[in-house]
Amino acid sequence: MIDFSLTPEQQMLQKKSRDFAQQEIKPIAKIIDQSNDPHLQPWDFCQGVFYKGANLGLTSLLLPQEYGGMGKKCVDLVLVQEELGVADVSIASSYFNLNSTMSLFITRAGTEEQRRRILSHVNSSEPHLFSVAESEPNVAGSDMFCITPDPQIGMKTLAQRDGDTYILNGHKSALITNAGIADAYLIIARTSLDQPMAESMSMFYLPADTPGLKFGNKTEMIGWKASHHAEIHLDNVRVSADNLIGEEGQAGALLMLLPEVAIGLAACYVGLARAAYEYALNYAQQRVSWGRPIIEHQAVSLKLAEMMVNTQAARLMVWEAAHTADTDPLLASTVKAPAAKTFAVDMAIKNAQTAVEILGGNGITKDYETGKFLNDAWIGYSCDFTRDILRLGLVKFM
């Protein structure tokens, strides 16, 4: 029998996350979103929040206890990420989901020496921000899914072996999450430009102070104002072979070990869908037209009902994907995770758009949050690959 009830421990984790999100994340997100200062750096405000969340265990949630983590499952991750996403989807995704999942990735893909070294910050209670760099400015992200064995297709960042080190040269796009503020980087580069990209992609761990690692200015996006994205330039970056994660050419296969990234992101967007619904519901209960609250008008009440259904459907799909990640990681990576991510984003976009409609003229002003919801929702369409390329990819495994 299927049971959707949460254990007492999960209920406590959910409440802890909700309280943290509303008390710590939401006020900071509001300050950033309402600021007109072009020089404002979101990380200056978010760093303290990130540290507080890390001390609560929200970034080491999935880590096995032997590495200082809480040893939780993907189901627990989505409970946390939904609550954080309600407060602000960019903070939830960029700082908490990325770090929770990348720490887990090191335990799955790294050697024992790499696990102990790279994750040493967990036991020392020193919060550690990760960044992952794959996309490049003149290379389509969909090239990652291209099955044509043409070495000319795909990323151009090159890692050349030189004794017991590699020398990295290349340029990563302006959409690299946490570039310029992270403590460490997982850089995807090709170890041969004569082999197809799928066979030559390799992953390297680089501390932020590695010589030759340079960053561009913060990228301005239509939403996700609290996040930080920038270009990465690799100029003769020398990295020890001990920092190669896995073997040469294994980066693509290793990333398949981590369905939690997309599932956690999907949970953030369930949070956004819920936030838009709850905001519109509260407004409709207070706004009066024709002498009564607008929620009593069928045109409005039907919209709210659809928003509730959208949120519930997205949550159930994400929960099911999270359960699959804990029981069948391959199925989760190939089908459940991309399905959940694209569907949750679709529902967030729909709910955000409907919230704008329900608020009418107020919905298109900056005095209300509906415009923020819509801009943040649309970021998800292209975040970690577009909706279309993800769905084309999962069709192969249906």
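Predicted, not measured: the structure shown is a model, and the values here were computed from it.

Caption draft 1: Representation of the overall build of the chain within the structure. In terms of regular secondary structure, the chain is built from 13 helices and ten strands. Taking 398 residues into account, the globule formula puts the C-alpha radius of gyration at 21 Å, and the chain, at 21 Å, falls close to it. The principal-axis extents of the C-alpha atoms in the chain amount to approximately 80 × 50 × 45 Å. In the chain, which comprises 398 residues, the proportion classed as buried is 53%. Within the chain, contacts between residues separated by at least 24 positions form 74% of all contacts whose residues are at least 6 apart in sequence. With the model as given, the accessible surface of the chain reaches about 17,800 Å², and the carbon-plus-sulfur share is 54%. Each charge class in the chain was averaged separately, 33 positive and 45 negative side chains, and the resulting centres sit 5 Å apart.

Caption draft 2: How the structure looks around the packing of aromatic side chains. Counted under the stated rule, the structure contains ten aromatic pairs. Centre to centre, the rings of F20 and F96 are 5.9 Å apart; their planes meet at 80°, and the pair counts as edge-to-face. With F20 in helix α1 (residues 8–34) and F96 in helix α4 (residues 89–109), this pair connects stretches of sequence that are 76 residues apart. You'll find F20 and F96 in the same group, each marked buried.

Caption draft 3: Up close: the side chain of E82. Checked against the element boundaries, E82 lands in helix α3 (residues 74–87). Judged by relative accessible area, which is 6%, E82 ranks as buried. Reaching out from E82, the side chain makes a polar contact with the side chain of R315 at a distance of 2.8 Å. The contact partners of E82, leaving out residues within four places of it in the chain, are A267, V270, G271, R274 and R315.

Caption draft 4: Quick look at the pairing of strand β2 (residues 158–162). Bridge count for β2 against strand β3 (residues 165–177) is five bridges, and the pairing is antiparallel. Considered in β3, the bridge of L158 is made with N169. In this antiparallel pair of consecutive strands, β2 and β3, the connection spans two residues, and G163 shows a positive phi of 65°.

Cut-offs applied
Numbering of residues starts from 1 in each chain and follows the order in which that chain's sequence is written. For this predicted model, a pLDDT threshold of at least 70 governs which residues receive local features, and a threshold of 80 or more governs which side-chain atom pairs are given and counted, while totals over whole chains, interfaces and linings are taken from all residues. Derived side-chain values reflect all non-hydrogen atoms in the structure, with water molecules and hydrogen atoms excluded from consideration. Helix and strand definitions here come from DSSP, where helices need a minimum of 4 consecutive H or I residues and strands a minimum of 2 consecutive E residues; each element is numbered from the N-terminal end. In this setup the radius of gyration rests on C-alpha atoms only. A globule is expected at 2.2 Å times the number of residues raised to 0.38. Each residue's exposure class comes from its accessible area (1.4 Å probe, protein chains only) as a fraction of the maximum for that residue type: buried when under 20%, exposed when over 50%, partly exposed otherwise. By definition in these notes, contact holds between two residues if any of their heavy atoms fall within 4.5 Å. Per-residue and other accessible areas follow the Shrake-Rupley method at a 1.4 Å probe size, with only the shown protein chains counted as cover for residues. For the charge count, each Lys or Arg is scored as positive and each Asp or Glu as negative, with His and the chain ends excluded. Every charge is mapped to an atom, namely NZ of Lys, CZ of Arg, CG of Asp or CD of Glu. Stacked, edge-to-face and tilted labels apply to pairs of Phe, Tyr and Trp rings (six-membered ring for Trp) whose centres lie within 6.5 Å, assigned for plane angles under 30 degrees, over 60, and everything in between, in that order. For the purposes of these results, a polar contact is taken to be a pair of N or O atoms within 3.5 Å, where, inside protein, one atom must be able to donate a hydrogen and its partner to accept one; residues adjacent in sequence count only when each atom of the pair is a side-chain atom. Only when DSSP finds a minimum of two bridges between them are two strands counted as paired.

Function-wise, these values are silent; they only describe arrangement.
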